[in-house]
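# Structure at a glance
Single-letter residue listing:
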Amino acid sequence: MSTSQKLVAEVPGDLRMARRLWPFLLASTVSLIPFTVFGMYLVPIANTAGGSVAEIGGLRGLGGLAALAVGVSLAPLMDRVARELVAAGGLALLGVSAALGAVGNVFAVAAFCLLIGASTSILAPSIGAAAADRFRSPAAAGRAATLVSATTSAMAMLAAPVLAVPGLIWGWRGNLLAASAISLALSAAFFWRGRGRKSPRGERERVSYLATYRELARVPGALPLLAVAMLRTAAFMGYLAYLAAFYDDRFDLAPGWFALVWSLSGASFFLGNLFAGRYLATDRAWISPEKMLLLGVIVALVAVAAFYFSPTLPLTLLLTALMGAAHATVAACVTTLLVRRSGDLRGSALSVNAAGMSLGTFLGAAIGGLGLGLGGYPGTAVTFAVITLAALLCALRVRRPV
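Rules used in this analysis
- Residues numbered from 1 in each chain as written.
- Predicted model: local features only at pLDDT ≥ 70, side-chain atom pairs only at ≥ 80, totals over all residues.
- Heavy atoms only, no water.
- Helix = DSSP H or I, 4+ residues; strand = E, 2+ residues; numbered from the N terminus.
- Rg over C-alpha atoms; globule rule 2.2 N^0.38 Å.
- Buried < 20%, exposed > 50% of the residue type's maximum accessible area, 1.4 Å probe, protein only.
- Areas by Shrake-Rupley, 256 points an atom, 1.4 Å probe, with all protein chains shown as cover.
- Patch = residues over 30% accessible without salt bridge, like charges linked within 9 Å, V, L, I, M, F, W, Y side chains within 5 Å.
- Salt bridge = Lys/Arg side-chain N within 4 Å of Asp/Glu carboxyl O.
- Expected span 1.5 Å × (residues − 1).
- Arc of directions from axis to C-beta.
- Contact = heavy atoms within 4.5 Å.
- Phe/Tyr/Trp six-rings, centres within 6.5 Å; stacked < 30°, edge-to-face > 60°.
- Lys NZ or Arg CZ within 6 Å of the ring centre and 35° of its normal.
- Polar contact = N/O pair within 3.5 Å; in protein donor to acceptor, adjacent residues only side chain to side chain.
- 1 Å grid on protein atoms, 1.4 Å probe; cavity = no way out; pocket = protein on both sides within 12 Å on 5 of 7 lines; lining within 4 Å.
- Points joined across faces, edges and corners; volume = space filled by probe spheres on them.
- Nonpolar A, V, L, I, M, F, W, Y, C, P; charged D, E, K, R; others polar.
- Disulfide = S-S within 2.5 Å.
- pLDDT = per-residue confidence, 0-100.
- Core = buried A, V, L, I, M, F, W, Y, C linked by side-chain atoms within 4.5 Å.

### Describing the overall build of the protein chain
Across its full length, the protein chain carries 16 helices and zero strands. Taken over the C-alpha trace, the protein chain has a radius of gyration of 21 Å; the compact-globule value for 402 residues is 21 Å, and the two agree within 12%. In terms of overall dimensions, the protein chain has a C-alpha envelope of 55 × 45 × 40 Å along the principal axes. For the protein chain, the residues scored as buried account for 53% of the 402 residues in total. By element, 70% of the accessible surface of the protein chain is carried by carbon and sulfur atoms, the whole surface being about 17300 Å².

### Notes on a nonpolar patch on the surface
A surface patch of nonpolar side chains, amounting to about 290 Å² of accessible area, comprises V96, L100, V103 and L184. Looking at the nonpolar patch element by element, the count peaks at three residues for helix α7 (residues 83-103). Residue classification places L184 among the partly exposed positions, given a relative accessible area of 40%.

### Comments concerning helix α6 (residues 60-74)
Relative to the 21 Å expected for 15 residues at 1.5 Å per residue, α6 spans 21 Å between its end C-alpha atoms, a close match to the ideal helical length. Of all the residues in α6, the buried ones are G63, G64, A66, A67 and G71. In an axial view of α6, the angular spread of the buried residues amounts to 165°, which keeps them on one side of the axis. Taken together, the buried residues of α6 touch α8 (106-133) and α16 (346-395).

### Looking at unusual backbone geometry
You will see that D252, though not glycine, has its phi angle at about 55°, which is positive. With respect to the helices and strands, D252 occurs in the loop between α12 (243-251) and α13 (255-282). In this structure D252 comes out as exposed when scored by relative accessible area, which is 64%.

### Looking at the environment of T361
Looking at the secondary structure, you find T361 in helix α16. Here the alpha-carbon distance between T361 and G174, two residues 187 residues apart in the chain, equals 29 Å. The contact partners of T361, leaving out residues within four places of it in the chain, are T233 and M237.

### Section: the packing of aromatic side chains
Counted by the stated rule, this structure contains 15 aromatic pairs. Residues F35 and F112 carry aromatic rings whose centres are separated by 6.0 Å and whose planes lie at 85° to one another, so their mutual orientation is edge-to-face. In this pair, F35 sits in helix α3 (residues 33-40) while F112 sits in helix α8, placing the two residues 77 residues apart along the sequence. Of the residues examined, F35 reaches a relative accessible area of 28% and is grouped as partly exposed. For F112, a relative accessible area of 1% corresponds to the buried category. Every member of this aromatic cluster is reached through a ring pair, and the members are F236, Y239, F246, Y247, F251, F269, F307, Y308 and Y377. The residue whose ring lies beneath R20 is F135, and the NZ or CZ to ring-centre distance is 4.6 Å.

### Remarks on the side chain of S126
The topology assignment puts S126 in helix α8. What makes S126 buried here is its relative accessible area of 2%. Here the side chain of S126 touches L123 through a polar contact of 2.9 Å, landing on its backbone oxygen. Ignoring anything within four residues of it in the chain, the contact list for S126 reads R83, V86 and A87.

### Comments concerning α7
Spanning 21 residues, α7 covers 31 Å between terminal C-alpha atoms, matching the ideal 30 Å at 1.5 Å per step. Positive phi appears at G104, one or two residues downstream of α7, with a value of about 95°.

### As for empty space enclosed by the protein
Evaluation of the coordinates by the stated rule reveals two cavities of 30 Å³ or more. If you go around the largest cavity, the residues you meet are R232, V297, A300, H327, V330, T388 and A391. Of all the secondary-structure elements, those providing two or more residues to the lining of the largest cavity are α14 (289-307), α15 (313-342) and α16. Residues of the lining of the largest cavity, tallied by class, amount to four nonpolar, two polar and one charged.

### What about the state of the cysteines?
Disulfide: a covalent bond connecting the sulfur atoms of a pair of cysteines. Counted according to the given criterion, the structure contains zero disulfides. Lacking any disulfide linkage, C333 is separated from the closest cysteine sulfur, that of C394, by 15 Å. C333 gets classed as buried once you look at its relative accessible area, which sits at 0%.

### Considerations on the confidence of the model for the protein chain
Residues shown with low pLDDT carry predicted positions that ought not to be read at fine detail. Summarising the model, the protein chain shows a mean pLDDT of 85, and 92% of its residues fall at 70 or more. When the elements of the protein chain are averaged for pLDDT, helix α1 (residues 3-10) gives the smallest value, 47, and α14 the largest, 95. A low-confidence stretch, residues 1-9 (pLDDT under 50), is modelled with eight contacts involving residues beyond four sequence positions or located in other chains.

### A short note on the side chain of N273
Secondary-structure assignment places N273 in helix α13. Polar contacts involving the side chain of N273 include one to the main-chain amide nitrogen of A150, which spans 3.3 Å. Ignoring any residue separated from it by four or fewer positions in sequence, one finds N273 in contact with R143, T146, S149, A150, S153, A328, A331 and A332.

### Side note on the nonpolar core
With 54 residues, the main nonpolar core has Y239, Y247, L293, F307 and Y308 as its most contacted residues. Listed by contribution, the elements that provide at least two residues to this core are α11 (222-241), α12, α13, α14, α15 and α16. Among the elements that take part in this core, α16 stands out by supplying 11 residues, more than any other. With near-sequence residues (within four places) excluded, Y239 lies in contact with F307, Y308, T320, M323 and F384.

Here you go:
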């Protein structure tokens, strides 16, 4: 039996994995609910808080800052405590933040945004690493982590329509309180599961706080991988920030029709992440994760360069789908390679990765806005193309270990 066949045999099917990982998949879906509610009901929340939509919506930036600060500062501690206990802490913080958001005044909303950013920066890497820890082979571990991220992207696409029905019954406050109750219940369950479990790194393996970062820097390809993740997130999230405005300006697309465009983008990202992660688990020799990473960044670069100059709506829609699939493929490659190469440091690696992507989200919107202001949509195209080109140069430095 060949090496690739052995690795395939060691990787269970997605349904078998989902049955084994369902608590982590459930936690990943719950993590998106509070901020989705905030985005869906921004106007009534702003009215309740006594501020404008721009003022209250701008508070979301606090979440990104908190995610960056907490993700970086806690990264070395991620592998020193049982994963379930870390996830329990993140879920508890999520539940508290959702309850605060339901209060509705401006101070409560600001605290909500801060705590949501902090909680997701704890929860996302802990459940991704915990899912990977459930499997021994590197291929299966990488697939488990990408399955969690695929579930998160699916929830990002489905959360709004799913939450709309209960929102008709009990409004945005009811949705937040329900999210709080579910998060706290899950936190208790994860705490119960994590009691008595050992940390991924035993007492003898523990190193100092700064030494953990030095160990991460020595992981083959870790630094360029983290750079690719941050840069591609900046390009993609910046592009999404101005997507509605572009479709309205270029094709006069009303908000109702644009919802279909948003769904197309979300669906292509979900499917790209799902299938790329599954394919990478097979570890076929003719296209390694390193080569697929490079290919994904190249496709993303071509797509973003062509998108803003597309002359017809069908071609623009095709490029929208291609952009989502390409970025999802890159995200799956980064997660897979970090999990496979980091070993017991995968929790720390994923934490730093999440913090970098949070930084990329807000940098992308800011730099994209600068490009738009200086050069219109051609300026935006150049801006995002340059960011993606930088990601490509970093991807070229991610080589397969000898």
